[in-house]
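Observations on the three-dimensional arrangement
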Amino acid sequence: MTDKTHGADGMHGTNGAESMSNADGAPAKDTGELEHELASAQSVASYFEANAAELRDETLAMHLARLLAEKGLEKSDVIARSGLDELYAYHIFAGRKPHPAKAKVLALALAMHLTRKETQHLLYYAGATPLYVRNPWDSAVAYAIEHHMTVIDANLLLDSLGQSPLLV
C-alpha cells in the first residue's frame, strides 16, 4: 500500500534514489515514480522501453554481488560479521540458497551496514516479507538497522524486548 508518508516498499518518503544510479549513470527513479509512469503508460511495452535502464531482473546472488561492489565490501568480512554458518552464507552468495530465511537475510543486511531501504530491497530479492513496523520483531530489527547495530547487538535488543533472536 502507498500513502503520503510511505512508499510501496514501506519506507518513509518518496525519494528512494539515495546514491543509486541506473545503468546509464543517471539518478535512479524511485519506485513511486515508476509506479506513476506505469499507471499512465499507453502500454506495458512503452513503459518497458522508457524505463529499460530502471528495470532489474536480478537474483539474490546477483543483488548481493552488486551491493558488495557498490559498498566496497569483502564477502568474507560480511560473512564473518553476519554470524551465519560460513558454508551456508557462501551458498547464499553463490545462489545455491536463493530464498534463505528472513532472519538470515537480515543478518547479512546488518553485516553489510545496509540502510532500511536497501534492506527492504534485499528482502525482496530473497523472496522474504519486508520489515513491517507494526510487527514488534520487525520494528526492533528495523531499529537495529537504522542504528547500524551489529548482529550481536540486534540479538541483545531483541532479547531485552522479549523477542526471538535473529540467529540461534
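Definitions and cut-offs
- Residues numbered from 1 in each chain as written.
- Predicted model: local features only at pLDDT ≥ 70, side-chain atom pairs only at ≥ 80, totals over all residues.
- Heavy atoms only, no water.
- Helix = DSSP H or I, 4+ residues; strand = E, 2+ residues; numbered from the N terminus.
- Buried < 20%, exposed > 50% of the residue type's maximum accessible area, 1.4 Å probe, protein only.
- Contact = heavy atoms within 4.5 Å.
- Areas by Shrake-Rupley, 256 points an atom, 1.4 Å probe, with all protein chains shown as cover.
- Salt bridge = Lys/Arg side-chain N within 4 Å of Asp/Glu carboxyl O.
- Phe/Tyr/Trp six-rings, centres within 6.5 Å; stacked < 30°, edge-to-face > 60°.
- Lys NZ or Arg CZ within 6 Å of the ring centre and 35° of its normal.
- Core = buried A, V, L, I, M, F, W, Y, C linked by side-chain atoms within 4.5 Å.
- Axes fitted to C-alpha atoms, helices over the stretch in contact; angles between N-to-C directions.
- Parallel < 35°, antiparallel > 145°, perpendicular 65-115°, else oblique.
- Nonpolar A, V, L, I, M, F, W, Y, C, P; charged D, E, K, R; others polar.

1. Considering the overall build of the protein chain
- Regarding its fold elements, the protein chain presents 9 helices and 0 strands.
- Ordering the α and β elements of the protein chain from the N terminus gives α-α-α-α-α-α-α-α-α.
- When each of the 168 residues of the protein chain is scored for burial, the buried share is 40%.
- Residue pairs at least 24 apart in sequence account for 52% of intrachain contacts in the protein chain once pairs closer than 6 positions are excluded.
- Carbon and sulfur atoms provide 56% of the accessible area of the protein chain, an area that totals close to 9,800 Å².

2. A short note on the pattern of salt bridges
- Counted according to the given criterion, the structure contains 6 salt bridges.
- The closest approach of N and O atoms between Asp138 and Lys102, which form a salt bridge, is 3.1 Å. Here Lys102 lies in helix 6 (residues 102-111) and Asp138 lies in helix 8 (residues 136-146), a separation of 36 residues in the sequence. Summarising the burial analysis for this pair, Asp138 and Lys102 share the class buried.
- We note a salt bridge from Arg116 to Glu146, for which the minimum N-O separation is 3.4 Å. Residue Arg116 is located in helix 7 (residues 116-126), and its partner Glu146 is located in helix 8; the two are separated by 30 residues in the primary sequence.
- Of the residues examined, Arg116 reaches a relative accessible area of 11% and is grouped as buried.
- A relative accessible area of 42% means that Glu146 is categorised as partly exposed.
- The network of salt bridges with common partners includes Glu58, Arg66 and Glu70.

3. Description of the packing of aromatic side chains
- Taken as a whole and assessed by the stated rule, the structure comprises 2 aromatic pairs.
- On the basis of an interplanar angle of 75 degrees and a centroid distance of 5.2 Å, the ring pair of Tyr124 and Tyr125 is categorised as edge-to-face.
- We classify Tyr124 as exposed; its relative accessible area is 62%.
- One cation-aromatic arrangement involves Lys104 over Tyr88; the distance from NZ or CZ to the ring centre is 5.2 Å.

4. Remarks on the nonpolar core
- By size, the foremost hydrophobic cluster in this structure holds 39 residues, and its most contacted members are Leu106, Leu122, Val141 and Leu166.
- Secondary-structure elements contributing two or more residues to this core are helix 3 (60-71), helix 4 (75-82), helix 5 (86-94), helix 6, helix 7, helix 8 and helix 9 (151-160).

5. A closer look at the packing of helix 3 against helix 5
- Axis separation between helix 3 and helix 5 bottoms out at 6 Å; the angle between their running directions is 95 degrees. Compared by their axis directions, helix 3 and helix 5 come out roughly perpendicular. Note on element contacts: helix 5 touches helix 3 through Ile92, Phe93 and Ala94, opposite Leu60, Ala61, Leu64 and Leu68.
- Residue composition of the contact of helix 3 with helix 5, by class: 7 nonpolar, no polar and no charged.

6. Looking at unusual backbone geometry
- Positive phi values are uncommon outside glycine, yet His113 reaches one of about 60 degrees.
- Relative to the elements of secondary structure, His113 occurs in the loop between helix 6 and helix 7.
- Relative accessible area serves as the criterion here: at 42%, His113 is assigned to the partly exposed category.
- With phi around 50 degrees, His148 is a residue other than glycine that occupies positive phi space.
- By the element assignment, His148 lies in the loop between helix 8 and helix 9.
- Residue classification places His148 among the exposed residues on the basis of a relative accessible area of 52%.

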